[in-house]
Amino acid sequence: MFRLGPEVEFSVQTCSLGLQITGLLLCVCVCVCACVGVRVCVYVCMYLFGVECAFTCRKMLTELLAIIEPEIQSLVNFGDKIDGYNTLYMLIRCGQDVLPPETKGAAAVAHPPMASMPAFNHLHQVMGLVLVNVKRKFDAFMSSLEKTSREQKVNKKAKCGILQCVHVLEEFAQHAESIVGSSERRSDVDKSYKVLLGVVEDTVDRVAGGETKAPPDVIYFENYHHFLHIVLRNKLTVLEPHRDRIKQKYKEHMMNYVTSLLGRPLEKLSIFFDGIEDQFAAGVKPEEIGYRLKYSKAELKKCIKEYPGKEVHRGLQGVYKKLEKHLCEEENLLQVVWLTMQDEFIKQYNHFTKLIQRCYPDAMITIEFSLEDLLGYFSSIAQQH
């Protein structure tokens, strides 16, 4: 479309040239008449000729350019029919053509818009009408994206993975950021980002609240992780105010999933030490704990024997298999969740170790596997898969 400007300018020059030739003939007549003293009639003729030239030029160009609007509108309709994302490019392009030259940014330099050329005003008016049609089609395209995203259905027997609404936002960002730049239509695109973000949050809530194979927390943190990646990679500054809130949700849901799946792997020890902490709350001193029958050294050793290293390793293998069933390969968060789970297990292990040292300092009692053993269990299981 940006070639229309030069073509119209050529038409203007062609019409003007024809009229200039006629004007030369008039000048010859003026000289002849001036020689014979008919000056008043000469001036009147020159004025009337100038008015007639302007009127004739405008009429000729209006007739010549009358077919431009339907042709451009047909092109807009054709582009929209092929791919709705074409309306995004046409919105940016037409916006540059309609705005006056002094309001244009650096984005218009690569393709000089028609409004910046000394072309006929008729073309500027035509592009204004085209812009209205393009904006209408762009809004319809965004409405269709929103509707498609909201109506997504999830297979209850398969992993949810990354929802379609998140992929729609990602595809839109890739197209928009490669086209818009610092264009004057940035506000339209930013508004669309906010609409799509609302769709993402609503759809994730709806899917997580329904019946799915994956736990709700997995649906949340996988899709929010992908959303954060989209914002960071495409530098979507309009969504930055929402980034911290989504990131917090991502962390909370991942931790909820880790704690619910891992639980308390050393359950009997956990119950034992919960009782000890209750004793602390009741005012019992740490050095007195071992003299209570329920929390004697013998009872502690009995609990510890329930968890030899091999049993702990086997239990962790079962947890890892569940992770593989729940998490999708697309987002590749399995190792991230596994490391978070490792940190949570170590936290529990260190807590138990400190309580043993505090309440039974001289008993030489330790958990049957060391911290190094525990790290080895996590590492070997991850490598095996």
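Nothing here was measured: the structure is a model prediction, and the numbers come from that model. (Residues numbered from 1 in each chain as written. Predicted model: local features only at pLDDT ≥ 70, side-chain atom pairs only at ≥ 80, totals over all residues. Heavy atoms only, no water.)

For the rest of this paragraph, the subject is the overall build of the protein. Across its full length, the protein holds 15 helices and 0 strands. Counting over 385 residues, the protein shows a buried share of 41%. For the protein, the accessible surface area stands at approximately 21,500 Å², while carbon and sulfur atoms represent 58% of it. (Helix = DSSP H or I, 4+ residues; strand = E, 2+ residues; numbered from the N terminus. Buried < 20%, exposed > 50% of the residue type's maximum accessible area, 1.4 Å probe, protein only. Areas by Shrake-Rupley, 256 points an atom, 1.4 Å probe, with all protein chains shown as cover.)

Let us look at a positive patch on the surface. A grouping of K213, K321, K322 and K325 is seen on the molecular surface, where their side chains present a positively charged patch. Residue classification places K213 among the partly exposed residues on the basis of a relative accessible area of 46%. (Patch = residues over 30% accessible without salt bridge, like charges linked within 9 Å, V, L, I, M, F, W, Y side chains within 5 Å. Salt bridge = Lys/Arg side-chain N within 4 Å of Asp/Glu carboxyl O. Lys, Arg positive; Asp, Glu negative; His and termini not counted. Charge placed at Lys NZ, Arg CZ, Asp CG, Glu CD.)

On to the packing of helix α7 (residues 186–208) against helix α8 (residues 216–234). The contact between α7 and α8 brings their axes to 9 Å, and the two run at 160°. With respect to each other, α7 and α8 are oriented roughly antiparallel. The crossing of α7 and α8 is right-handed. Contacts from L197, E201, V204, D205, V207 and A208 in α7 reach P216, I219, Y220, N223, Y224 and F227 in α8. Here the contact of α7 with α8 is built from residues that sort into 9 nonpolar, 1 polar and 2 charged. (Axes fitted to C-alpha atoms, helices over the stretch in contact; angles between N-to-C directions. Parallel < 35°, antiparallel > 145°, perpendicular 65-115°, else oblique. Left-handed = near helix turned anticlockwise from the far one by under 90°. Contact = heavy atoms within 4.5 Å. Nonpolar A, V, L, I, M, F, W, Y, C, P; charged D, E, K, R; others polar.)

This paragraph deals with the side chain of E201. The residue E201 is located in helix α7 in this model. The residues touching E201, leaving out its near neighbours within four places in the chain, are Y224, R245, I246 and K249.

Opposite charge on two side chains permits pairing when their charged atoms draw close. Under the counting rule described, the total for this entry stands at 17 salt bridges. With its nearest N and O atoms 3.1 Å apart, the salt bridge here joins R150 to D202. Residue R150 is found in helix α5 (residues 121–150), and its partner D202 is found in helix α7; the two are separated by 52 residues along the sequence. When its relative accessible area of 33% is taken as the criterion, R150 is described as partly exposed. On the basis of relative accessible area, D202 is assigned to the partly exposed category, the value being 40%. When salt bridges that share partners are traced, they join K135, D139, R185 and D188 into one network.

Counting through the fold element by element, V312 comes out in helix α13 (residues 309–326). Every residue in contact with V312, bar those within four places of it in the chain, is listed here: L266, Y307, F345, F369 and Y377.

The backbone of N332 sits at a positive phi, close to 55°, despite the residue not being glycine. Positionally, N332 belongs in the loop between α13 and α14 (334–359). A positive phi angle, close to 55°, is found at M364, a residue other than glycine. Checked against the element boundaries, M364 lands in the loop between α14 and α15 (371–384). Since its relative accessible area comes to 77%, M364 is described here as exposed.

Formed by 98 residues in total, the largest nonpolar core has its most connected members in F172, Y193, L316 and W338. The biggest single contributor to this core is α14, with 11 residues. Excluding residues that lie within four positions of it along the chain, Y193 makes contacts with L169, F172, A173, A176, E177, R186, L236, V238 and L239. (Core = buried A, V, L, I, M, F, W, Y, C linked by side-chain atoms within 4.5 Å.)

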